Amino acid sequence: MRLWAAPDIGRGGQMTDLLVRGGTVVTAAGSRTADLALEGGRIVAIEADLTSLAAGADEVVDATGLLVLPGAVDVHTHTRVATDAEPDRFFRDSVAAAFGGTTTFLSFNNPGTGSSPEAERSLLTGIREWRAATDADSAVDYGLSLVISGRADDPLGELPATIEAGVATSKAFMVFDFRLPDERLFEAMRVMGQHGGMLQVHCEDPVLLDAGVADALQRGDVLPRYHATTRPSYIEAVATARAVAFARASGAPLHVVHLTSAAALEEVRRAKALGVRVTAETCPHYLVLTEERYDDPDPAACARFIVAPPLRSRGDRDALWAGLADGSLDMVATDHVPDRLAVEKVEAARGVPFNEISNGAPGIETLLTLLYSEGVANGRLSIERMVDLIATTPAARFGIGAKGALTVGRDADLVLFDPAARRTLHATDLHHSSDYTPYEGFEVTGAVRDVFVRGRAVIRDAAFVGRRGAGAYVERGEIAG
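Residues numbered from 1 in each chain as written. Predicted model: local features only at pLDDT ≥ 70, side-chain atom pairs only at ≥ 80, totals over all residues. Heavy atoms only, no water.

Chemist: Got a minute to help me understand the overall build of the chain in this structure?
Modeler: Scanning the chain from N- to C-terminus turns up 14 helices and 18 strands. For 481 residues, the compact-globule estimate of 2.2 N^0.38 gives 23 Å, and the chain sits close to it at 22 Å. The buried share of the chain, taken over its 481 residues, is 59%. Long-range contacts, defined here as pairs at least 24 residues apart, represent 77% of the contacts in the chain between residues at least 6 apart. (Helix = DSSP H or I, 4+ residues; strand = E, 2+ residues; numbered from the N terminus. Rg over C-alpha atoms; globule rule 2.2 N^0.38 Å. Buried < 20%, exposed > 50% of the residue type's maximum accessible area, 1.4 Å probe, protein only. Contact = heavy atoms within 4.5 Å.)

Written out as structure tokens, the structure is:
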């Protein structure tokens, strides 16, 4: 039986670079046992039996008993670029992505990732600077999403040129000292929509948040746990409602990043029912961890979980899983921030107030493992829905047309995944540039065995065989839908 195939593959003396045989090929639409032929960095055939190509293939890989998945597409990371003092940090996180089965990631250039003050003032300078800093540095394919800072000189004037340059998405923060005021955020959303782009928004209300933080500090509530109590879920929900109202009024697409709560999810559901062009993501830490982590009396241990928005209740966690299953939530991304306990979060142990501790936690290597183990193996998601959430929909929504699916003609980005493997997560076994993992000691089901990016091996038998600089920068097309 023929499943999918390009015409005349393997005929007329044509050679196949790689033949993957006998695995369970998973797409968002279904799963089946099949062989895949890879040629020139693309998938050229997917059929029930490609035995006829084996003799002419450069390599044949036996995938019996394994899942053959499209490489994950992580559209939300804050991977830091190299510096003279730390020349390997971007490369290390790209290697960590590969070990985790992520073959394409997008990174922001917000303050703290290595961008200069000049890049914060000019979006176009930001593109040039970030491209120069990351060129020939990644082991997997990668791209840029800009951050529109409130300190930028003329972001509305520059946005059309950024989209033309292949950076189809940019992000605005409603909070922090580089926040974009509401009026400019609304105009940025509208301008991006008019030129085929999409605005991503960090949804927390600045008035409510700033007041809560100020009140806590005045009371002397300065421990890390108060990071969470000053950011209740209604602060996220109010801001989410405002962002989707902006999208409704402008007709522009909106992507809500790192949604954490049932209250915010309900705002997205209502917007979708009204036909608003909104999608939303959540992150593994909100699906796996809960607010009980803030009960740890050790400030240094508690600081591991300072993320914005914070971890929520078990009820919120369950609502997020339900939203992923029913389609209310569209994707899962990591919000990877490679903070280190010994560097960015070190002051937590010295008693500094919670608002001075760095926000963020690492996660670029654990996306697929956690979604499979906690979602598929625990019966919360089908394997097809998982693929849709971490590969197919992110690629489609963010203008990465050659990625995200095992389809003839697409890039040969694929992961051979052992669903029966069991392991325990430890920071010492991971490869990111952080010095900890928020999932320390988690027992998980499933493990990546092999990873290919455009047909070239990056991970083989759980070992890195790739090359620094082999990853290609991805220019992205206009945002549809």
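From this point, the discussion proceeds with the structure in view.
Chemist: I tried to follow the environment of Leu 254 on my own but got confused; where do I start?
Modeler: Secondary-structure assignment places Leu 254 in strand E12 (residues 254–256). Separated by 24 residues in sequence, Leu 254 and Val 278 have C-alpha atoms that sit 4.8 Å apart. Ignoring any residue separated from it by four or fewer positions in sequence, one finds Leu 254 in contact with Met 189, Met 198, Leu 199, Val 201, Ala 243, Val 244, Ala 247, Arg 277, Val 278, Thr 279 and Arg 397.

Chemist: In this structure, what is going on with a negative patch on the surface? I would like to understand it.
Modeler: On the surface, a cluster of negative charge is made up of Glu 291, Asp 295, Asp 296 and Asp 298. Within the secondary structure, Asp 296 sits in the loop between helix H10 (284–288) and helix H11 (299–302). (Patch = residues over 30% accessible without salt bridge, like charges linked within 9 Å, V, L, I, M, F, W, Y side chains within 5 Å. Areas by Shrake-Rupley, 256 points an atom, 1.4 Å probe, with all protein chains shown as cover. Salt bridge = Lys/Arg side-chain N within 4 Å of Asp/Glu carboxyl O. Lys, Arg positive; Asp, Glu negative; His and termini not counted. Charge placed at Lys NZ, Arg CZ, Asp CG, Glu CD.)

Chemist: Is there a simple way to explain the nonpolar core in this structure?
Modeler: In summary, soluble globular proteins display a tendency toward joint burial of nonpolar side chains. Leu 69 and Met 386 are the most contacted members of the largest nonpolar core, which totals 96 residues. Looking at this core element by element, the count peaks at seven residues for helix H1 (residues 89–99). In contact with Leu 69, other than residues within four places in its own chain, are Val 26, Leu 368, Ile 383, Met 386, Val 387, Leu 406, Asp 413, Leu 414, Val 415 and Phe 417. (Core = buried A, V, L, I, M, F, W, Y, C linked by side-chain atoms within 4.5 Å.)

Chemist: Explain the packing of helix H8 (residues 233–250) against helix H9 (residues 262–273) to me, please; I cannot follow it from the model alone.
Modeler: A pair of packed helices is captured by two measures, namely the crossing angle of their axes and the spacing between those axes. The contact between H8 and H9 brings their axes to 8 Å, and the two run at 20 degrees. Compared by their axis directions, H8 and H9 come out roughly parallel. At the point where H8 passes H9, the crossing takes the right-handed sense. Residues Glu 236, Ala 237, Thr 240, Ala 241 and Val 244 of H8 form the contact with H9, whose own contacting residues are Ala 263, Ala 264, Glu 267, Val 268 and Ala 271. Taken together, the residues of the contact of H8 with H9 sort by class into seven nonpolar, one polar and two charged. (Axes fitted to C-alpha atoms, helices over the stretch in contact; angles between N-to-C directions. Parallel < 35°, antiparallel > 145°, perpendicular 65-115°, else oblique. Left-handed = near helix turned anticlockwise from the far one by under 90°. Nonpolar A, V, L, I, M, F, W, Y, C, P; charged D, E, K, R; others polar.)

Chemist: So what exactly am I meant to see when it comes to the pattern of salt bridges here?
Modeler: Two side chains carrying opposite charge are able to pair once their charged atoms lie near each other. Under the counting rule described, the total for this entry stands at 36 salt bridges. With a closest N to O distance of 3.4 Å, Arg 89 and Glu 86 form a salt bridge. By relative accessible area, Glu 86 is classed as partly exposed at 27%. Sharing partners across several salt bridges, the network here consists of Arg 80, Glu 86, Arg 89, Asp 339, Arg 340, Glu 344 and Lys 345.

Chemist: Is there a simple way to explain the pairing of strand E11 (residues 198–202) in this structure?
Modeler: Along any regular strand the residues' side chains alternate between the sheet's two faces. Most of E11 is tucked away, with five of its five residues classed as buried. With five bridges joining them, strand E10 (residues 169–173) and E11 adopt parallel strand pairing. Bridge assignment links Thr 169 to a residue of E11, and that residue is Met 198. Considered for its hand, the β-α-β crossover made up of E10, helix H5 (residues 182–194) and E11 is right-handed. The pairing of E11 with E12 spans three bridges and is parallel. Residue Leu 199 lies in a different strand from E12, and its bridge partner there is Leu 254. (Pairing = 2+ DSSP bridges. Right-handed = clockwise from strand over helix to strand, strands pointing away.)

Chemist: Hey, could you run me through a nonpolar patch on the surface in this one?
Modeler: On the surface, a nonpolar cluster with roughly 260 Å² of combined accessible area is contributed by Leu 208, Tyr 234 and Val 238. One can find Leu 208 in helix H6 (residues 206–219).

Chemist: Is there a simple way to think about the pairing of E10 in this case?
Modeler: Of all five residues in E10, five are buried, a share of seventy percent or more. Side chains Thr 169, Lys 171 and Phe 173 project from E10 onto one buried face, and the interleaved Ser 170 and Ala 172 project onto a second face that is buried too. Pairing of strand E9 (residues 141–147) with E10 involves two bridges; the strand directions are parallel. Directly across from Leu 146, in E10, lies its bridge partner Ser 170.

These figures capture arrangement, not role.
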